[in-house]
Amino acid sequence: MTETIQPAAILMDRINRDAWRTPDSVQWFAKLEGWTDAGERAALERIAAETTGLPILDLGVGGGRTVPLLRAISSDYIAIDYTPELVAACKERFPDVDVRCGDARDLSAFADQSFALVVFSFNGIDAVNPDDRMRILREAHRVLRKDGVLLFSTHNKLGPCHGERFQLGVYPTRNPFKLAWRLIRALARSLRTIANYRRYSRLNLRAEGYSIMNAAAHNHGILIHYITLERQCEQLAAVGFRPDPEIYGDLGEQFTSQRGDTSRTAWFHFLARKS
Ligand SMILES: C[S@@+](CC[C@H](N)C(=O)[O-])C[C@H]1O[C@@H](n2cnc3c(N)ncnc32)[C@H](O)[C@@H]1O
């Protein structure tokens, strides 16, 4: 970051790491399967044919949602994640897959030009601060072959999820015992959510082209980086990706220019190609 370093940028790493590793998060991520949204599906289908059988690196694999999706494209597949609890859950779910502990900011375990496709799905790159984001983009670029592709998703600063307020609720049921149990759990969760919201939303930072904001996921226990389409395109070009990435919105819409109306798009999927 060229601007003065802000508390949010310093603290977000620790806050987010703590959120990923809770037993509730691990259990949730370990059950996820399929595409997150229509945009991810479109982006993966777009890239599948040209990367069939070629080496893939999956950053921030979490509980393994993307393992079957990417191994359907190639069995030459390695996944990393910096949360040991999630790596353990992923290994348990897919014992025959190469899943390692590792940080996307430092891919020194991998040689230059080792992969045809690098993936950082489900907005995982938004967990790190702006400096580290650039580190990840540079590292992904380094380990990609010529014409290789980086597929990643990222939250839209101009989209509907920016600056989410907390919501408290209980699923209704006619069973009085279940309802009582749900109310008790909701109350406990609400107290945690309110405490997190009060503590972390104070760190919210709005800047030109990006922001760091407390988001609703994990009981408001995370700080997320949001970015505009234009700024993301500039970052990709700055680290050496071709200046014409293919971009899908979470609703499956495709952005052909860098200036479409993005107000309905919660996050983007970028297909960025190494020159
Ligand atoms: C929203 S979760 C997505 C998990 C999985 N990709 C999925 O789609 O279900 C983000 C994941 O990225 C991981 N992560 C975040 N920053 C990371 C980093 N710098 N290096 C490696 N993993 C990271 C987290 O531990 C978490 O598992």
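Overview of the structure. Residue numbers here run from 1 along each chain, matching the order of that chain's written sequence. Per-residue local features are limited, in this predicted model, to residues with pLDDT of at least 70; the limit for side-chain atom pairs, both in listing and counting, is 80 or more; totals at the level of whole chains, interfaces and linings are taken over all residues. Calculated side-chain values reflect all of the structure's heavy atoms, with hydrogen atoms and water omitted.

Runs of E in the DSSP output that reach at least two residues are strands. Runs of H or I that reach at least four are helices, and both are numbered from the N terminus. Counting its regular elements, the chain contains nine helices and eleven strands. In terms of overall size, the chain behaves like a compact globule, its C-alpha atoms giving a radius of gyration of 19 Å where 275 residues would be expected to give roughly 19 Å. Counting only C-alpha atoms and orienting by the principal axes, one finds that the chain spans roughly 60 × 45 × 35 Å. When burial is assessed residue by residue, the chain has 50% of its 275 residues classed as buried. Only heavy atoms matter for contacts: two residues are in contact if any of them lie within 4.5 Å across the pair. Intrachain contacts of the chain at a sequence separation of at least 6 include 67% that bridge at least 24 residues. Approximately 13500 Å² of the chain is accessible, and the part contributed by carbon and sulfur atoms is 53%. All tallies of charge rest on Lys and Arg as positive and Asp and Glu as negative; His and the ends of each chain are not included. Lysine's charge is taken at NZ, arginine's at CZ, aspartate's at CG and glutamate's at CD. Taking the average place of the 36 positive charges on the side chains of the chain and the average place of its 33 negative ones, the gap between the two points comes to 6 Å. Each radius of gyration reported is based on C-alpha atoms, and the globular scaling rule is 2.2 Å times the count of residues to the power 0.38. Exposure classes here rest on a 1.4 Å probe applied to the protein chains alone. A residue is buried below 20% of its type maximum, exposed above 50%, and partly exposed in between. Here, Shrake-Rupley sampling with a 1.4 Å probe gives the accessible areas, and only protein chains in the shown set may cover a residue.

Another point: helix H3 (residues 38-51). One less than the number of residues in a helix, times 1.5 Å, gives the span that helix is expected to have. Here H3 spans 20 Å end to end across 14 residues, near enough to the 20 Å set by a 1.5 Å rise per residue. Within the span of H3, buried status applies to Gly39, Glu40, Ala43, Leu44, Ile47 and Thr51. Where H3 is buried, its residues contact helix H4 (66-71), strand S4 (115-120), strand S5 (144-156), strand S9 (246-249) and strand S11 (267-273). A distance of 2.9 Å separates the backbone nitrogen of Gly39 from a side-chain oxygen at the start of H3, and that oxygen is part of Asp37. Any pair of nitrogen or oxygen atoms within 3.5 Å is treated as a polar contact; in protein, a donor-acceptor pairing is required on top of that, and neighbouring residues in sequence qualify only through side-chain atoms on both sides.

On to the pattern of salt bridges. Basic side-chain nitrogens of Lys or Arg form a salt bridge, by our definition, when they fall within 4 Å of a carboxyl oxygen of Asp or Glu. Within the structure shown, the criterion is met by 20 salt bridges. One salt bridge connects Asp13 with Arg105, and the closest N-O pair in it is separated by 3.2 Å. Of this pair, Asp13 sits in helix H1 (residues 7-20) while Arg105 sits in the loop between strand S3 (98-101) and S4, and the two are 92 residues apart along the sequence. When its relative accessible area of 22% is taken as the criterion, Asp13 is described as partly exposed. Residue Arg105 is classed as buried on the basis of its relative accessible area, which comes to 14%. For the salt bridge of Asp112 with Arg142, the shortest nitrogen-to-oxygen distance reads 2.8 Å. Of this pair, Asp112 sits in the loop between S3 and S4 while Arg142 sits in helix H6 (residues 130-143), placing them 30 residues apart in sequence. It is possible to trace a salt-bridge network through shared partners that takes in Asp13, Arg17, Asp103, Arg105, Asp132 and Arg135.

Here the focus is the packing of aromatic side chains. Here a pair means two rings of Phe, Tyr or Trp (six-membered ring of Trp) with centres within 6.5 Å. Their orientation is stacked below 30 degrees between planes, edge-to-face above 60, and tilted elsewhere. Under the defined criterion, the tally for this structure stands at eight aromatic pairs. Aromatic side chains Trp28 and Phe122 sit 6.5 Å apart centroid to centroid with 40 degrees between the ring planes, which places their arrangement in the tilted category. Residue Trp28 is located in helix H2 (residues 23-31), and its partner Phe122 is located in the loop between S4 and H6; the two are separated by 94 residues in the primary sequence. A residue is classified by how much of its surface remains accessible, and Phe122, at 31% relative accessible area, is partly exposed. When the ring of Phe255 is compared with that of Phe268, the centres are 5.7 Å apart and the planes differ by 80 degrees; the resulting orientation is edge-to-face. A residue pair is termed long-range when its members are at least 10 positions apart, and Phe255 in strand S10 (residues 254-255) and Phe268 in strand S11 qualify at 13 residues. The residues Phe255 and Phe268 share a single accessibility class, namely buried. Taken together, Trp20, Trp28, Phe29, Phe122 and Trp267 form an aromatic cluster joined through their ring pairs. In this structure, Arg17 is placed above the aromatic ring of Tyr82, and the distance from its NZ or CZ to the ring centre is 4.1 Å. Distance and angle both matter: a charge sits over a ring if NZ of Lys or CZ of Arg is within 6 Å of the ring centre and within 35 degrees of the ring normal.

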